[in-house]
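As a plain string of letters, each chain reads:
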Amino acid sequence: MSIEKQVDSGRRGLLVATCAAGGAAGLATAGALVSTFQPSERAKAAGAPVEVDISSLKPGEMSTTEWRGKPVWILKRTPEMMESLKKTEDKVADPKSEKPYTMAMPEYCDKQTRSRKEHSDILVTVGICSHLGCSPSSKFAAGAQPSLPDDWQGGFLCPCHGSTFDLAGRVYKNKPAPQNLDVPPHMFLSDTKIIIGKDEKGEA
């Protein structure tokens, strides 16, 4: 092979390598641009709104999601669960959620059910006890159980120091927890999809 042909071959090889490298860099840049439009884990932890699909949630079931680094419970209450709130009204410390709260209960929530009026069976609440920050356990079955009263109507039990909450997240009287479970800002995008951390007024 002549020297001239060797040079031409070398140039072509260099050109192909350069184009390949440029294409890879272009793909990497495009990938970086796409990722910037997606909420990062840091953004979610800082409080970015979270969408939740509840289409598979059945009456009596609860799902858990995360918002601002905290567990948020979404409970679909049965008619019996809803009826139990009348029975616990005089047993909870703040039945109308009138005390000062770390997170003010949204005005659009009913005082007794602590849920949006148009979806009264759906409870959305932060699963953190207001005493020392533990996460209560779900105790939905009614009746006598260990660490619970004989007339228990269903609700939540904090295993740390025994605070109990009814099925609206209202703390019972004479318990260590100073307030009811927080209700975060939220709204329904449809009958089966909720966004937490945002409502008609904007992001929290």
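Above this note sits the structure.
Predicted model only: the values in this text are computed from it and were never measured. (Residues numbered from 1 in each chain as written. Predicted model: local features only at pLDDT ≥ 70, side-chain atom pairs only at ≥ 80, totals over all residues. Heavy atoms only, no water.)

**Thoughts on the environment of Arg-77**
Position of Arg-77 relative to the elements: it lies in the loop between strand E3 (70-76) and helix H3 (79-87). You can call Arg-77 buried: its relative accessible area is 3%. Counting along the chain gives 19 residues from Arg-77 to Lys-58, while the straight-line C-alpha distance between them is 8.7 Å. Dropping the residues within four chain positions of it, Arg-77 is found in contact with Met-82, Leu-85, Thr-113, Ser-115, Ser-120, Asp-121, Ile-122, Leu-123, Leu-167 and Ala-168. A distance of 3.1 Å separates the side chain of Arg-77 from the backbone oxygen of Thr-113, its partner in a polar contact. Among the polar contacts listed, one links the side chain of Arg-77 to the side chain of Ser-115, at a separation of 3.2 Å. (Helix = DSSP H or I, 4+ residues; strand = E, 2+ residues; numbered from the N terminus. Buried < 20%, exposed > 50% of the residue type's maximum accessible area, 1.4 Å probe, protein only. Contact = heavy atoms within 4.5 Å. Polar contact = N/O pair within 3.5 Å; in protein donor to acceptor, adjacent residues only side chain to side chain.)

**What about the nonpolar core?**
It is characteristic of soluble globular proteins that their nonpolar side chains tend to be buried jointly. In terms of nonpolar packing, the biggest core is built from 15 residues, with Leu-75, Cys-129, Phe-156, Phe-165, Leu-167, Ala-177 and Leu-181 touching the most fellow members. If you list the elements that add at least two residues to this core, you get E3 and H3. In contact with Leu-75, other than residues within four places in its own chain, are Gly-60, Glu-61, Met-62, Asp-121, Ile-122, Leu-123, Phe-140, Phe-156 and Leu-167. Formed by 14 residues, the second largest nonpolar core is a distinct cluster that contains Val-52, Leu-57, Ile-74 and Met-103. (Core = buried A, V, L, I, M, F, W, Y, C linked by side-chain atoms within 4.5 Å.)

**Notes on H3**
Given 3.6 residues to a turn, an α-helix orients residues that are three or four positions apart in the same direction. All of the buried residues along H3 are Met-81, Met-82, Ser-84 and Leu-85. Looking down the long axis of H3, one finds its buried residues gathered within 150° of arc, a one-sided arrangement. Along H3, the residues that are exposed and aim more than 90 degrees away from the buried face are Pro-79, Glu-80 and Lys-86. In this structure, the buried side of H3 is in contact with E3. (Arc of directions from axis to C-beta.)

On their own, these measurements won't tell you what the molecule is for.
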